[in-house]
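As a plain string of letters, each chain reads:
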Amino acid sequence: MTLFAFALIRSVRSVANLILLAVFPLAVIFLPKAEWDIFPKGYQYYGMLLLFSASKLVHLIMEDRKKKILTRIGAAPVTHFQYLLQNLLAFSLLLIVQCAVVTGGGLLVHGSLLGNPLQLFLVFSCFSLTAISFSLAWCSLFRHPESSMAVMFGFIMIMAMLGGTFVPLAFMPEFLQRIAMFVPTYWLTTGMEMAAANALFSELLTPLSVMLLFSILFVLIGSRRKLA
């Protein structure tokens, strides 16, 4: 069995992961839309679900580190790069499939309320990669999964607030809007707003590119071998 297949299997083995990956997305699809929201309520908060799901998946790597599995990998015919790459690809596939289900289900339930569903899928997919890479970088700062998860939940809430999940970006003070541009959730919200307005694809390239740049930066931070 390849590392990729093993990572897929163990990612859906626990009940908590199954709930995050399969049950909560159903709530995202069926929550109604409030008059003042651009999207149905579930889609307003879907970025937070992606962050929580990504963190839960990536913490499996921390569990491997805690159990000294990464040390044994160093003596096996599998490089650290191969181990990390195949795990991240497995996590990415799971979240991108979830994005497809959420977008497709929303199209059936809400129709035109989602704006351009293809653009929305691209935005969610890019952000899922950012969420996974951010979780990897975050986990590299901690030695114990419990302490990492406890602090990360609070940080996700801060990112959500700065990114316009709870308060529209236009209503935030100007200095907070400038700070928010350094947070991935800001570009998620920007991309969602463009998808809602069915913007030109060339305009959508900006938030997509920024999220991918965030992904590359976080992977470089989180994949340092000395922190494995």
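Check the entry above for the structure.
Read on for a plain summary of the structure. (Residues numbered from 1 in each chain as written. Predicted model: local features only at pLDDT ≥ 70, side-chain atom pairs only at ≥ 80, totals over all residues. Heavy atoms only, no water.)

1. Overview of the side chain of glutamine 44
Note the cut-off: Strands here mean DSSP runs of E at least two residues long; helices mean DSSP runs of H or I at least four residues long; both are numbered from the N terminus. Each polar contact in these results corresponds to two N or O atoms within 3.5 Å; when the atoms are within protein, one needs to be able to donate a hydrogen and the other to accept it, and residues that are neighboring in sequence are counted only if both atoms are side-chain atoms. We call two residues in contact whenever any of their non-hydrogen atoms come within 4.5 Å of each other.
Considering the arrangement of structural elements, one finds glutamine 44 in helix α3 (residues 41-44). Within the structure, the side chain of glutamine 44 is placed 3.4 Å from the backbone nitrogen of phenylalanine 39, a separation counted as a polar contact. Residues contacting glutamine 44, with those up to four places away along its chain left out, are Asp37, Ile38, Phe39 and Thr165.

2. A closer look at the environment of leucine 113
Note on placement: leucine 113 falls in the loop between α6 (80-110) and α7 (117-139). Residues leucine 113 and methionine 161 lie 48 residues apart in sequence; the distance between their C-alpha atoms is 23 Å. The contacts of leucine 113, once residues within four sequence positions are left out, are Lys33, Ile38, Phe39 and Pro40.

3. Details of the nonpolar core
Applicable threshold: For the purposes of this section, nonpolar cores are sets of buried Ala, Val, Leu, Ile, Met, Phe, Trp, Tyr and Cys residues that join through side-chain atoms within 4.5 Å. Burial classes follow relative accessibility: with a 1.4 Å probe on protein chains only, a residue under 20% of its type's maximum area counts as buried, one over 50% as exposed, and anything between as partly exposed.
If you look at the biggest cluster of nonpolar residues, it comprises 56 residues, and the most contacted ones within it are Tyr43, Tyr46, Phe91, Leu120, Phe124 and Met211. Every element with two or more residues in this core is listed here: α2 (15-30), α4 (46-66), α6, α7, α8 (145-162), α10 (184-196) and α11 (201-222). Broken down by element, the residue count for this core peaks at 12 residues, all from α7.

4. Side note on α7
Applied cut-off: To estimate the expected span of a helix, subtract one from its residue number and multiply by 1.5 Å.
The end-to-end C-alpha distance of α7 is 32 Å, a good match for the 33 Å that 23 residues give at a rise of 1.5 Å each. Along α7, 18 of the 23 residues are buried, which leaves the element largely enclosed by surrounding structure. Taking the backbone nitrogen of leucine 118 as reference, a side-chain oxygen 3.1 Å away marks asparagine 116 as the first, capping residue of α7.

5. Digging into the packing of aromatic side chains
Put simply, the rule is: Note on aromatic contacts: the rings of Phe and Tyr and the six-membered ring of Trp form a pair at centre separations within 6.5 Å, being stacked when their planes are under 30 degrees apart, edge-to-face when over 60 apart, and tilted otherwise.
This model, assessed by the stated rule, comprises 11 aromatic pairs. Here the aromatic rings of tyrosine 46 and phenylalanine 124 are separated by 4.8 Å at their centres, their planes lie at 80 degrees, and the arrangement is edge-to-face. Residue tyrosine 46 is found in helix α4, and its partner phenylalanine 124 is found in helix α7; the two are separated by 78 residues along the sequence. Of the residues examined, phenylalanine 124 reaches a relative accessible area of 0% and is grouped as buried.

6. Some words on the packing of α7 against α11
Definition in use: Fitting a line to C-alpha atoms yields each axis, with helices limited to the stretch in contact; the angle taken between N-to-C directions then spans 0 to 180 degrees. The cut-offs work like this: below 35 degrees is roughly parallel, past 145 is roughly antiparallel, 65 to 115 is roughly perpendicular, and the gaps in between are oblique. Crossing chirality is assigned from the near helix's rotation relative to the far helix, an anticlockwise turn below a right angle marking it left-handed and a clockwise turn marking it right-handed. Residues are grouped as follows: Ala, Val, Leu, Ile, Met, Phe, Trp, Tyr, Cys and Pro are nonpolar; Asp, Glu, Lys and Arg are charged; every other residue, Gly included, is polar.
Following both chains from N to C, one finds α7 and α11 inclined at 15 degrees, their axes separated by 7 Å at the closest point. The orientation of α7 relative to α11 falls into the category roughly parallel. Where α7 crosses over α11, the handedness of that crossing is left-handed. The residues of α11 that touch α7, namely those facing Gln119, Leu122, Val123, Cys126, Phe127, Leu129, Thr130, Ser133, Phe134, Leu136 and Ala137, are Phe201, Leu204, Leu208, Met211, Leu212, Phe214, Ser215, Phe218, Val219, Ile221 and Gly222. By residue class, the composition of the contact of α7 with α11 is 17 nonpolar, five polar and no charged.

7. Quick look at α6
Owing to its 3.6 residues per turn, the α-helix brings residues three or four apart onto one side. Relative to the 45 Å expected for 31 residues at 1.5 Å per residue, α6 spans 44 Å between its end C-alpha atoms, a close match to the ideal helical length. Where α6 ends, the next residue or the one after it, glycine 111, has phi of about 60 degrees, a positive value.

8. Notes on the pattern of salt bridges
Condition: When a carboxyl oxygen of Asp or Glu lies within 4 Å of a side-chain nitrogen of Lys or Arg, that pair is called a salt bridge.
Scanning all chains against the criterion turns up one salt bridge. Ionic pairing is found between arginine 178 and glutamate 174, a salt bridge with its closest N-O pair at 2.7 Å. Taken together, the positions of arginine 178 and glutamate 174, both in helix α9 (residues 174-180) and four residues apart, correspond to about one turn of that helix. Residue classification places arginine 178 among the exposed residues on the basis of a relative accessible area of 55%. We classify glutamate 174 as exposed; its relative accessible area is 52%.

9. Looking at the environment of glutamine 98
By the element assignment, glutamine 98 lies in helix α6. By relative accessible area, glutamine 98 is classed as buried at 3%. Residues glutamine 98 and serine 209 lie 111 residues apart in sequence; the distance between their C-alpha atoms is 21 Å. Aside from chain neighbours lying at most four places away, what touches glutamine 98 is Leu20, Leu21, Pro25, Tyr46, Leu49, Leu50 and Ser53.

Interpretation note: all reported values are geometric properties and have no functional meaning in isolation.
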